[in-house]
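Understanding the architecture of this molecule
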Amino acid sequence: MGRFDRAVARGRRVAEQRMRDTCQFRRKTGTSTDPVTGKITPVYANGYAGKCRLKQPSPTAAPATVGEAVVVMVGVEVHIPMGATPVPQVGDECVMTASAGDPAVVGRVFVVEAPHRHPDATARRLKVKERTS
C-alpha cells in the first residue's frame, strides 16, 4: 500500500469515528392496501443499516409541491462508510434510527437526491432532502 492509499485509509477511519448516528436506508417497492380501512401504505425493501453522520452544510430550505400538499424541503448530507453496501440510490429513503448528538433527529426521514461517486473519498456523502411536512 502506497503513501496515498495509507492516507485515504487513515482519513476513512477518522471519518467513521465521526459517524455517531445510525440510520436505515430503504427503497419503496410498492404499496399495500388495508382491506378494512382502505388505507394505502408504502412497502419498502431495506438497504444499508449502520453508522452514519447527518450534516447540514448550509441552512437552506425551499418549498415544494408534492401532489396537492406544499412541503418544506431542507438540504442536508448523510455520510456513510465507503464500504457500506448496498450503495443507496437516488430516491431511496434514509431513516435516522439513533443519534448520539441530537435525539430529535431519530425517526426523521431523508430522501437521496444525488449519488456520491468519488473513489478516494473518506466517506460516501449523499445529498438528501428532508420532508418536514
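Quick look at the structure, then. (Residues numbered from 1 in each chain as written. Predicted model: local features only at pLDDT ≥ 70, side-chain atom pairs only at ≥ 80, totals over all residues. Heavy atoms only, no water.)

Moving on: the overall build of the chain. The helix and strand tally for the chain stands at 1 helix and 7 strands. Reading the secondary structure of the chain in the N-to-C direction produces α-β-β-β-β-β-β-β. When each of the 133 residues of the chain is scored for burial, the buried share is 32%. Within the chain, residue pairs in contact and separated by at least 24 positions form 57% of the contacts whose partners lie at least 6 positions apart. For the chain, the computed accessible surface area is about 8,100 Å², with 53% contributed by carbon and sulfur atoms. (Helix = DSSP H or I, 4+ residues; strand = E, 2+ residues; numbered from the N terminus. Buried < 20%, exposed > 50% of the residue type's maximum accessible area, 1.4 Å probe, protein only. Contact = heavy atoms within 4.5 Å. Areas by Shrake-Rupley, 256 points an atom, 1.4 Å probe, with all protein chains shown as cover.)

Attention now goes to the nonpolar core. Core analysis: the largest hydrophobic core is formed by 15 residues, its most contacted members being C23, F25, V78, I80, C94, M96 and V128. Sorting elements by how many residues they give to this core places strand β4 (residues 69-80) first, with 3 residues. For M96, the contacting residues outside a window of four places in its chain are D21, T22, C23, C52, L54, V105, V106, G107, R108 and F110. (Core = buried A, V, L, I, M, F, W, Y, C linked by side-chain atoms within 4.5 Å.)

This part covers the pairing of strand β7 (residues 124-131). Burial of β7 is one-sided: the residues R124, L126, V128 and E130 facing one way are buried, the residues R125, K127, K129 and R131 facing the other way are not. Pairing of strand β6 (residues 109-114) with β7, which is carried by 4 bridges, proceeds in the antiparallel orientation. Note that in β7 the partner of F110 across the bridge is E130. (Pairing = 2+ DSSP bridges.)

Our next topic: the packing of aromatic side chains. Tallied over the full model, the rule gives 1 aromatic pair. Taking the centre distance of 6.3 Å and the plane angle of 45 degrees together, the rings of F25 and Y48 count as tilted. Here F25 is found in strand β1 (residues 21-33), whereas its partner Y48 is found in strand β2 (residues 40-55), with 23 residues between them in sequence. In this pair, the class of F25 matches that of Y48, namely buried. The cationic tip of R26 hangs over the ring face of Y44; the distance from NZ or CZ to the ring centre is 3.9 Å. (Phe/Tyr/Trp six-rings, centres within 6.5 Å; stacked < 30°, edge-to-face > 60°. Lys NZ or Arg CZ within 6 Å of the ring centre and 35° of its normal.)

Together, R3, R6, R10 and R13 give the surface a local cluster of positive charge. Along the polypeptide, R6 turns up in helix α1 (residues 3-17). (Patch = residues over 30% accessible without salt bridge, like charges linked within 9 Å, V, L, I, M, F, W, Y side chains within 5 Å. Salt bridge = Lys/Arg side-chain N within 4 Å of Asp/Glu carboxyl O. Lys, Arg positive; Asp, Glu negative; His and termini not counted. Charge placed at Lys NZ, Arg CZ, Asp CG, Glu CD.)

With that out of the way, let us pick up unusual backbone geometry. Residue T85 is joined to P86 through a cis peptide bond whose omega torsion reads -10 degrees. Structurally, P86 is set in the loop between β4 and β5 (93-99).

Summarising the element assignment, M82 is placed in the loop between β4 and β5. M82 gets classed as buried once you look at its relative accessible area, which sits at 14%. In sequence terms M82 and R125 are 43 residues apart; their C-alpha atoms lie 8.9 Å from each other. In this structure, M82 is in contact with R12, H116, H118, P119, A121, T122, A123 and R124, ignoring residues within four places of it in sequence.

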